[in-house]
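Spelled out, the chains give:
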Amino acid sequence: MEEAADGDWVVRSLTGAASTKSYRCPGCDQEIRPATPHLVTWPAYARDSDLDPWDTDSAADTRRHWHTACWRARDRRR
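Residues numbered from 1 in each chain as written. Predicted model: local features only at pLDDT ≥ 70, side-chain atom pairs only at ≥ 80, totals over all residues. Heavy atoms only, no water.

Trainee: Just give me the short version of the sheet that holds strand E6 (residues 64–66), but keep the residues and values in it.
Mentor: If you walk across this open sheet you meet the 4 strands as E1-E2-E5-E6, and the pairing is antiparallel. With partners counted over all chains shown, the strands left at the sheet margins are strand E1 (2–4) and E6, one partner each. With direction set aside, neighbouring strand axes in the sheet form an average angle of 35°. Note: strand E5 (residues 38–43) against E6, 3 bridges, orientation antiparallel. Bridge pairing in E6 places Val40 opposite His65. (Pairing = 2+ DSSP bridges. Helix = DSSP H or I, 4+ residues; strand = E, 2+ residues; numbered from the N terminus. Axes fitted to C-alpha atoms, helices over the stretch in contact; angles between N-to-C directions.)

So this is what it looks like as structure tokens:
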């Protein structure tokens, strides 16, 4: 779990071997190609709901795949 100005986030690292699909990074809008190590993130708490705040399954519906550098620089892009 990471705490940041934009909220608390669950952050998971994916190895290249675990990555078999292409994704679009929301930070740079570029493709994350298969076999590229990257991060998957989602809010640690369900937002705008009456769900238990630790209901990460519901929060995971908003997960996104990021280049590691883009995730680390996201607060500088706003």
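Past the structure itself, the notes keep going.
Trainee: Account for the pattern of salt bridges, naming residues and giving values.
Mentor: Scanning all chains against the criterion turns up 2 salt bridges. The partner of Asp6 in a salt bridge is Arg74, with the nearest N and O atoms 3.1 Å apart. One end of the pair, Asp6, is in the loop between E1 and strand E2 (7–14); the other, Arg74, is in the segment after helix H2 (68–72), and 68 residues separate them in sequence. With relative accessibility at 21%, the residue Asp6 sits in the partly exposed group. (Salt bridge = Lys/Arg side-chain N within 4 Å of Asp/Glu carboxyl O. Buried < 20%, exposed > 50% of the residue type's maximum accessible area, 1.4 Å probe, protein only.)

Trainee: Describe the nonpolar core, naming the residues involved and giving the relevant values.
Mentor: Side chains that are nonpolar tend, in soluble globular proteins, to be buried together. Within the largest apolar cluster, 7 residues are counted, these being Trp9, Cys25, Ile32, Leu39, Trp66, Cys70 and Trp71. Dropping the residues within four chain positions of it, Cys25 is found in contact with Gln30, Ile32, His65, Trp66, His67 and Cys70. (Core = buried A, V, L, I, M, F, W, Y, C linked by side-chain atoms within 4.5 Å. Contact = heavy atoms within 4.5 Å.)

Trainee: Describe the packing of aromatic side chains, and please don't skip the residues or the numbers.
Mentor: Throughout the structure, instances matching the rule amount to 2 aromatic pairs. Ring centres of Trp9 and Trp71 lie 5.5 Å apart, and the angle between their planes is 80°; on these two criteria the pair is classed as edge-to-face. In this pair, Trp9 sits in strand E2 while Trp71 sits in helix H2, placing the two residues 62 residues apart along the sequence. For Trp9, a relative accessible area of 13% puts it in the buried group. Centroid distance Trp66 to Trp71: 5.2 Å. Interplanar angle 75°. Geometry classified as edge-to-face. Here Trp66 falls in the buried class, since its relative accessible area comes to 11%. Here Trp71 falls in the buried class, since its relative accessible area comes to 2%. By the ring-pair criterion, three or more aromatic residues cluster together here, those being Trp9, Trp66 and Trp71. Lying over the aromatic face of Trp71, Arg74 brings its terminal NZ or CZ to 3.5 Å of the ring centre. (Phe/Tyr/Trp six-rings, centres within 6.5 Å; stacked < 30°, edge-to-face > 60°. Lys NZ or Arg CZ within 6 Å of the ring centre and 35° of its normal.)

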